[in-house]
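Report on the structure
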Amino acid sequence: MTVTRNLLPPHASADDPRITLDEEVGGIFENVPPYPPRTEREAEFYTLGDGEMFINMGPQHPSTHGVLRVVLKLDGEKVVDLDPVLGYLHRGVEKLCENADYHQVISQVDPLEYVSSLFCEWSPVMAFEQLLDVEVPRRAEYIRVLSAELNRIASHALFAGWMALDLGGLTPILWSFIERDEIVEMLASLTGQRMLFNYFRIGGVNGDLNHDFMSRLGDWMSRAVKQIDNDTGLLNENEIFVRRMRGLGVLDRDTALRMCATGPNLRATGVPFDVRRAHPYSIYPEIDFDIPTRTEGDCLARYLLRMDEVKQSLRIIDQCLHQMPDGPIMAKLPRLLRPRPGRAYASIEGPRGQYATYAISDGTDQPFRMRIHDPSFIHLQMVGLLTPGNLVADTMAIMASLDPIMGGVDK
Amino acid sequence: MDRLFRRRLEARFGDRLTGPVRQRHDQTEIRIAAADVADILRTLHDDPEWRFELLADLAGVDTGTHMQVVYHLWSVTSPDWLRVIADGLCRDDPRIPSVTFLWKGAEWMEREAYDMFGITFEGNRDLRRIYMPPEYTSFPLRKDFFLADDAARSPGGGVRPMERSHSPRDAAPGAVRQVRA
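Rules used in this analysis
- Residues numbered from 1 in each chain as written.
- Chains lettered and ligands numbered in written order.
- Predicted model: local features only at pLDDT ≥ 70, side-chain atom pairs only at ≥ 80, totals over all residues.
- Axes fitted to C-alpha atoms, helices over the stretch in contact; angles between N-to-C directions.
- Helix = DSSP H or I, 4+ residues; strand = E, 2+ residues; numbered from the N terminus.
- Parallel < 35°, antiparallel > 145°, perpendicular 65-115°, else oblique.
- Contact = placed C-beta atoms within 7 Å.
- Nonpolar A, V, L, I, M, F, W, Y, C, P; charged D, E, K, R; others polar.
- pLDDT = per-residue confidence, 0-100.
- Buried ≥ 20, exposed ≤ 12 C-beta atoms within 10 Å, placed from the backbone.
- Pairing = 2+ DSSP bridges.
- Expected span 1.5 Å × (residues − 1).
- Bend = angle between axes of the 7 residues up to and from the residue.

**A short note on the packing of helix α4 (residues 117–132) of chain A against helix α5 (residues 138–166) of chain A**
Residue and element names in this part refer to chain A. Running from amino to carboxyl end, α4 crosses α5 at an angle of 140°, the nearest separation of the two axes being 8 Å. Of the possible angle classes, the one that applies to α4 and α5 is oblique. In contact with Leu118, Phe119 and Trp122 of α4, α5 contributes Arg144, Ser147, Ala148 and Asn151. Grouping the constituent residues of the contact of α4 with α5 by class yields four nonpolar, two polar and one charged.

**Notes on the confidence of the model for chain B**
Residue and element names in this part refer to chain B. For chain B, per-residue confidence averages 80 on the pLDDT scale, and residues scoring 70 or more make up 81% of the total. Low pLDDT (under 50) marks residues 150–154, which in the prediction has ten contacts with non-local residues, meaning those over four places away or in another chain. Note on the complex model: pTM 0.85, ipTM 0.85.

**Things to note about the environment of A:Leu174**
All names here are of chain A. As for its position among the elements, Leu174 is in helix α6 (residues 171–191). Residue Leu174 is classed as exposed on the basis of its C-beta count, with 11 C-beta atoms lying within 10 Å. Once the C-alpha coordinates of Leu174 and Pro84 are considered, the two residues, 90 residues apart in sequence, prove to be 29 Å apart.

**Digging into the pairing of strand β7 (residues 354–361) of chain A**
All names here are of chain A. Along β7, eight of the eight residues are buried, which leaves the element largely enclosed by surrounding structure. Alternating positions in β7 separate into two faces, Gln354, Ala356, Tyr358 and Ile360 on one and Tyr355, Thr357, Ala359 and Ser361 on the other, with burial throughout. Pairing of strand β6 (residues 342–349) with β7 involves eight bridges; the strand directions are antiparallel. Across the sheet, Gly342 pairs through a bridge with Ser361, a residue of β7. Where β6 folds back on β7, the antiparallel hairpin that results is connected by four residues, among which Gly353 adopts a positive phi of roughly 140°. With five bridges joining them, β7 and strand β8 (residues 369–373) adopt antiparallel strand pairing. Among the inter-strand pairings, Ile360 is bridged to a residue of β8, identified as Arg369.

**Considerations on helix α7 (residues 211–236) of chain A**
Residues and elements named next belong to chain A. Look at α7: 36 Å from first C-alpha to last across 26 residues, which is about the 38 Å you get at 1.5 Å a residue. Along α7, the largest kink reaches about 55° and is centred on Ala224. Regarding α7, the residues found buried are Phe213, Leu217, Ala224, Ile228, Asp231, Thr232 and Leu235. Those residues of α7 that are buried lie in contact with α5, α6, α8 (239–245) and α12 (299–323).

The following block contains the structure:
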C-alpha cells in the first residue's frame, strides 16, 4: 500500500483539504489519490482492490525511452492496470509552428522523433507543397526517399538494440550501434547534422549528393546485408530472447484497428496497411518493394517485422541509387511563402507508422493551424491495453516492442 | 481524386452535409454538424459499402470564430483520404459526441483536443488533461492564447516581414504588444 511522493501534484501539502491523512499507516503519502478524480476512468484506476498497490515508474527510468511516467497498479508482481502520465517533454510544437514562418517550421518539427527526424520533416513539407501546388523535382524526390530509407534502417537498428537492452541483453545495442553510427555519419555528411537533420525543404532538399556520402554509402551497401544478418542473428536465434517474446502482448487485427494503430504494429497483426502503397506519394510507385506482414501480433512478430522491413529498405536504397535522375534539387519558389487559403493533409509511412500533418493556410506567411499526428502517441496508449495480466518486467518488453519515442509522444 | 466517391457521398449523406463536398489532391472533404458525428461516422465505419476502418487522425481546430473537430479516415473502398469536418462548435462551450465507441484509440487524441482547445467529447471515459498539468486552466492552442513574440518587440520588429508579429486579426486591441520601428 505505498504511494510515492511523486503521485501528489506539486502544489500539494499536508494542509491541502483534498488530501486525506491516513493516520493508521502513519503518513500522508499512503493510499491517497493524486487529486480528486475527474473522470470515470481515473476514479476506477485510483481505487485499490484487496492486496493491490501503486508503484510509480519514471519519469526518470532507463527503460521508458524518454521521460515517461507510468503509474502501475500491481497485485504482487502482476500488473493489474496502468496509467501513463505524459507531458514531461511537451514543448507545444504545434503552437510554435503556428507562430513560425513556413520555412522555420522544418527546424521546429525536427526534434519530435529525434531518432527518425527526416520523417518528421517530410510530412509537413509535403503538406505545404500541397498548399502551394508546387511540384518537387524528381531528383529531389529520389534523394528524399534514399535518405529517409537510410534513416528508417538507423531507427530500426536502434529499436532492436533498445529492445534487447530492455530485456537485459547488453550486447545487441553495442552491435546495432555500429550500423546505426555508420548511417548517422553518412547522413551527417549529406545533411550536416547527425540527428536533427533539417534537410528537407519546401520544394526539394537542402543539398545535393556529395562524393563523401556516395563513397560511404557504397562501402556500407556492399557489406550491409551480411552485417545486418549477422546482427539480427544475435537475437533471432537467441533462445532466451525468442521464448521471452513469443506470445507476449498479443494484439489482434480488430483491436489494432480500433486502437488506430499503424505501421509495423498494425502489420504484425496481418493488416497490409502501408501508406507507401495505400496512398502512394513521392516516387514510391516507381519502386519495387514488398510489404512484410505477420499474423501473430505478439512482441516477437513486431520485432521480426521490423527486421524484415530493413531488408526492404535496402532494396529501395539500391533501386534509388540505380535510378537516380539528374536535374535540379529545388523547385523555384519565392523566399517568402504565402499559400492561398486552403487545407492539406499529408501522410507518410515512417519507421513507427503513419506520420501526418494537417495544415490550414489563411493566406499569410505562417500556417494558421498545423496539426501533427505522431504514431508514437497512438501506440503508447496500447501499453495500457496489452500489459494488464503480465508481470512488471513484461511492461518494459511490451513498451519496447511498440517502439514509442517520447519526443513524438509529447510533441 | 475520386469523382465517383464524391457522387456516392452526395447520394448517401446529401441532406446531412452542411457544405459542398470538396476535393483536392488525394483528399475528399465533407462537412457535417457536430450532432451528426456519431451517426455518420458509425455508418462510414460499419457499413460494408464504406468500410472506413482506420481513423488516421483527429484534430481540433480553432478558426477564430468557432471550433471544429476534423477526422481523417482511410478505407480500402477509396483511393482518397476522407476528411470529415464537424463544423460550427461554439467557442464558449464546444461539445461534440466522442468516437471512442468506434475507435478506442481516439481516446488520447480526444484528450489532446480537450487539453489544447477545451473541446468536450461527450462519452469519452477519460477526458482529462494529457500534456498540461491537471491544475492548468488555459487552452494553449486557442487563437486567443498569445505567445510572447520577442522578435516583434525588438527594435527591428516589423521591418523584416519574417520578424513581424503574427497577431490574429480578431485580437482585442492592445492584446498583443506591437512595436513599429
